[in-house]
Amino acid sequence: MIIAVTGTPGVGKTTVSRLLSEKLGYEYVGVKEFAREKGIGEMVGDELEIDVDELAEAMLREFHGRDVVIDGHLSHFVPADVVIVLRADPRLVAERLMERGYSREKLAENVEAELVDVILVEALEENENVLEIDTTGKTPGEVVEEISELLERGIKRRFGIVDWSGVYDEVLPYLRLGSGRM
Ligand SMILES: Nc1ncnc2c1ncn2[C@@H]1O[C@H](COP(=O)(O)OP(=O)(O)OP(=O)(O)O)[C@@H](O)[C@H]1O
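An account of the accompanying structure is given in this report. (Residues numbered from 1 in each chain as written. Predicted model: local features only at pLDDT ≥ 70, side-chain atom pairs only at ≥ 80, totals over all residues. Heavy atoms only, no water.)

**Some thoughts on the pattern of salt bridges**
Step number 1: Tallied over the full model, the rule gives twelve salt bridges.
Step number 2: With its nearest N and O atoms 2.9 Å apart, the salt bridge here joins Arg91 to Glu170. In this pair, Arg91 sits in helix H4 (residues 90-99) while Glu170 sits in helix H8 (residues 168-171), placing the two residues 79 residues apart along the sequence.
Step number 3: With a relative accessible area of 48%, Glu170 lands in the partly exposed category.
Step number 4: A salt bridge links Glu146 to Lys138, with the shortest nitrogen-to-oxygen separation between them at 3.0 Å.
Step number 5: Three or more residues joined by partner-sharing salt bridges are found here, namely Arg87, Glu114, Asp117 and Glu132. (Salt bridge = Lys/Arg side-chain N within 4 Å of Asp/Glu carboxyl O. Helix = DSSP H or I, 4+ residues; strand = E, 2+ residues; numbered from the N terminus. Buried < 20%, exposed > 50% of the residue type's maximum accessible area, 1.4 Å probe, protein only.)

Listed below in structure tokens is the structure:
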């Protein structure tokens, strides 16, 4: 089975994907490493820009019929058996990305994306089987437990479990509108 783990940067994809692959005995694959290895995408500034169709094709060729956890915020473009969308309170996303030294603009872009469900909506456009998981206040182990329980019960579609509109005011200072530019 191909499991894609996606979400806004900082929600915990890598941590959860590694742990999930260990628990299930699946291979772990990082999208960026895979793309680099296969020569997919090109550097634009200091970022690797990946063609998602090329990525999806190459991944399907490589992993069809194998048990694998694919980690990355583009993984929902890969035709997976199930897409796990990790969510985290946007305040937590902001804190983590600030700790990583993200620029103000990249921070704003990602906090906003988490706030308005960008990755969830994209995942739902790409795949029927989407499991949304709220990681807020949970340990990575608890998140992995929740995912494997749902999969064991055969549940592959669940979303609409978070609503970040209540923290909008608190994250406003991080957003582009709050930066004084229009
Ligand atoms: N419940 C949780 N699930 C996952 N990570 C958590 C959780 N609670 C705290 N963390 C911490 O959050 C951080 C998430 O970092 P991680 O690199 O896994 O995120 P990511 O989504 O893969 O980011 P990126 O897309 O930028 O690579 C880690 O330091 C991890 O220990």
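**Structural notes on the site of the ligand**
Step number 1: The ligand sits among 17 residues. The nearest are Lys13, Thr14, Thr15, Arg100 and Lys138.
Step number 2: Here an oxygen atom of the ligand sits 3.1 Å away from a polar atom, N or O, in the main chain of Gly10.
Step number 3: Elements represented by at least two residues in the shell around the ligand include exactly helix H1 (13-24) and helix H7 (140-152).
Step number 4: Take the shell around the ligand: its biggest share by element is four residues, from H1.
Step number 5: By residue class, the composition of the shell around the ligand is six nonpolar, seven polar and four charged. (Near = heavy atom within 4 Å. Polar contact = N/O pair within 3.5 Å; in protein donor to acceptor, adjacent residues only side chain to side chain. Nonpolar A, V, L, I, M, F, W, Y, C, P; charged D, E, K, R; others polar.)

**Looking at the side chain of Asn110**
Step number 1: Structurally, Asn110 can be placed in helix H5 (residues 104-115).
Step number 2: Excluding residues within four positions of it along the chain, Asn110 makes contact with Thr8, Pro9, Leu97 and Tyr102. (Contact = heavy atoms within 4.5 Å.)

**Here we look at unusual backbone geometry**
Step number 1: Not every positive phi belongs to a glycine, and Asp117 is a case in point at roughly 65°.
Step number 2: Summarising the element assignment, Asp117 is placed in the loop between H5 and helix H6 (118-126).
Step number 3: Under the relative-accessibility criterion, Asp117 is labelled partly exposed at 25%.

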